[in-house]
Amino acid sequence: MKNRVLVIGGSGALGRSVCKIFSEKFAITNIDITPGIKSSTNILLPPGSLFAKPQITNFLSTIEKSNDFSDFSAVINTAGGWRPGSASDPELLLSMGDMLEKSLASAGLAAHIAARWLRPGGLVAFIGAASAAENSCSGCIGYGAAKAAVHALAAQLPTDPVFVEKKLHSVCVAPTVLDTEANRRDMPGSDHKNWVEP
């Protein structure tokens with residue numbers, strides 16, 4: 001039986017690339033709002049917020065009953081998104097809420113799954129952002145705040161008692177802009193030559 005990797009957001013542009021690479025040697029379990037192409041198992045997220053108790057309680061209950069949900073070598077969170085907005089934007093709080101849901105809630109889910117179902121010595125990986133690490137998100141502060149929170153979560157996990165006991169590893173990759181269709185659509189005037197291929 002192949003070793004197992006769990007990808008959160010495996011149906012998105014970055015997630016599809018991660019699943020494609022890992023599927024050569026690992027069985028992939030994908031958690032997303034739509035099924036992933038390169039996944040052995042797909043678990044669909046429920047509608048609504050992962051920050052809401054009924055949604056996360058029901059979702060965790062569902063995955064606890066799954067035969068395909070255990071003993072992962074790695075948990076990789078590729079879920080996220082991007083929205084513009086400065087402090088004066090009337091929709092700032094909506095933008096922040098959306099970015100926290102897409103980036104931080106999915107990262108929190110990855111951390112929880114890693115603590116419970118990652119095999120000893122396993123790895124949990126998060127996608128941050130270079131712009132958030134450099135405090136240069138003035139035109140998209142909801143995005144920057146959410147990604148900064150992901151960086152903080154990844155930095156805190158190595159001291160978590162379960163992570164210490166199981167010798168789990170936590171990393172956060174902080175790329176510049178990913179060259180995806182959505183990013184090209186959302187940032188049409190940007191210079192794409194230094195963007196990172198997913």
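Because the structure is predicted, anything quoted here is derived from the model rather than measured.

## Overview of the pattern of salt bridges
By the definition in use, this model includes five salt bridges. The shortest N-O distance in the salt bridge between Glu91 and Arg83 comes to 3.9 Å. The exposure class assigned to Glu91 is partly exposed, which follows from its relative accessible area of 43%. Residue class for Arg83 comes out partly exposed when judged on its relative accessible area of 25%. Residue Asp98 is joined to Lys102 by a salt bridge in which the shortest nitrogen-to-oxygen separation is 3.4 Å. Residue Asp98 and its partner Lys102 are located together in helix α3 (residues 92–117), separated by four residues, close to a single helical turn. When its relative accessible area of 19% is taken as the criterion, Asp98 is described as buried. The exposure class assigned to Lys102 is partly exposed, which follows from its relative accessible area of 37%.

## Quick look at unusual backbone geometry
With phi around 55°, Asp71 is a residue other than glycine that occupies positive phi space. Note that Asp71 resides in the loop between α2 (53–64) and β4 (72–77). When its relative accessible area of 41% is taken as the criterion, Asp71 is described as partly exposed. The phi dihedral of Lys167 is positive, around 55°, even though this residue is not glycine. Locating Lys167 in the fold gives a position in the loop between α6 (161–166) and β6 (169–173).

What counts, and at which threshold
Throughout, residues of each chain are indexed from 1 in the direction in which the sequence is written. For a predicted model such as this one, the threshold for reporting local features is a pLDDT of at least 70, and the threshold for listing and counting side-chain atom pairs is 80 or more; totals across whole chains, interfaces and linings nevertheless cover every residue. Only heavy atoms go into the side-chain values, all of them from the structure, while hydrogens and water stay out. Whenever Lys or Arg places a side-chain nitrogen within 4 Å of a carboxyl oxygen from Asp or Glu, that contact is recorded as a salt bridge. For each residue, the accessible area found with a 1.4 Å probe, counting protein chains only, is set against the maximum for its type, and the residue is called buried under 20%, exposed over 50%, and partly exposed in between. Going along the chain from the N terminus, every DSSP run of H or I of four or more residues is numbered as a helix, and every run of E of two or more is numbered as a strand.

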